[in-house]
Amino acid sequence: MPAQLRPDVTLTPTDDGAVLLDERSGRYFQLNRTALLVLRSLLDGRTAEEAAADLGARYPVTADRARADVERLHETLRTAGLVTGGPGAAGPGAVGQSTAG
């Protein structure tokens, strides 16, 4: 099953990447451009390997590092309850969390 944003999560692109708003909790998460590239790849149904290849095609990173970054990001987003499905884990430690208010 491809990765999907939960229905109560809104993705808003910014100049520096994107912001994910979890409407259930009021928390928002900031993604840098690299994390947004990975998230978009996963949301497009690409595997972790394909998302890592996308990352490696754009940035000077080894295949192993790109794969680990994809898995770490996906796991971070999944654990935060922002996405469902997708590869077993993922992505760059490029997610910042804040509280709205």
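Each value, and the rule that gives it
Residues numbered from 1 in each chain as written. Predicted model: local features only at pLDDT ≥ 70, side-chain atom pairs only at ≥ 80, totals over all residues. Heavy atoms only, no water. Axes fitted to C-alpha atoms, helices over the stretch in contact; angles between N-to-C directions. Helix = DSSP H or I, 4+ residues; strand = E, 2+ residues; numbered from the N terminus. Parallel < 35°, antiparallel > 145°, perpendicular 65-115°, else oblique. Contact = heavy atoms within 4.5 Å. Polar contact = N/O pair within 3.5 Å; in protein donor to acceptor, adjacent residues only side chain to side chain. Salt bridge = Lys/Arg side-chain N within 4 Å of Asp/Glu carboxyl O. Buried < 20%, exposed > 50% of the residue type's maximum accessible area, 1.4 Å probe, protein only. Arc of directions from axis to C-beta. pLDDT = per-residue confidence, 0-100.

Draft legend 1. Broad picture of the packing of helix α1 (residues 33-43) against helix α3 (residues 63-79). Direction vectors running N to C along α1 and α3 enclose 80°, while the axes themselves pass 10 Å from each other. By the angle between their axes, α1 is roughly perpendicular relative to α3. Residue-level inspection shows Ala-35, Val-38, Leu-39 and Leu-42 of α1 in contact with α3, the latter providing Val-70, Leu-73, His-74 and Leu-77.

Draft legend 2. Seen up close, the side chain of Asp-69. Within the element layout of this structure, Asp-69 appears in helix α3. At 2.6 Å, the side chain of Asp-69 and the side chain of Arg-72 are in polar contact.

Draft legend 3. Structural view of the pattern of salt bridges. Evaluated as defined, the whole model comprises eight salt bridges. The shortest N-O distance in the salt bridge between Arg-46 and Asp-54 comes to 2.7 Å. Residue Arg-46 is classed as partly exposed on the basis of its relative accessible area, which comes to 31%. Among the ionic pairs, Arg-65 bridges to Asp-69, the shortest N-O distance being 3.0 Å. Residue Arg-65 and its partner Asp-69 are both found in helix α3; the two are separated by four residues, about one turn of the helix. Residue class for Arg-65 comes out partly exposed when judged on its relative accessible area of 47%.

Draft legend 4. Main features of the environment of Leu-37. Within the element layout of this structure, Leu-37 appears in helix α1. Accessibility expressed as a relative area gives 18% for Leu-37, which makes it buried. Taking the C-alpha atoms as reference points, Leu-37 and Ala-52, separated by 15 residues in sequence, lie 10.0 Å from one another. Beyond its immediate chain neighbours, meaning those up to four positions away, Leu-37 contacts Asp-54, Leu-55, Arg-58 and Tyr-59.

Draft legend 5. Focus on helix α2 (residues 48-58). Where α2 is concerned, the buried positions are Ala-48, Ala-51, Ala-52 and Leu-55. Around the axis of α2, the buried residues are gathered within 100° of arc, so they sit on the same side. Its buried side turned inward, α2 meets α1 and α3.

Draft legend 6. Spotlight on the environment of Gly-85. Locating Gly-85 in the fold gives a position in the loop between β5 (83-84) and β6 (95-99). Ignoring sequence-local partners within four residues, the contact set of Gly-85 consists of Met-1, Pro-2, Ala-3 and His-74.

Draft legend 7. Looking closely at the confidence of the model for the protein chain. Across the protein chain, the average pLDDT comes to 87, with 86% of residues at or above 70. Every residue in residues 89-101 scores below 50 in pLDDT, and together they form 51 contacts with partners more than four places removed in sequence or on other chains.

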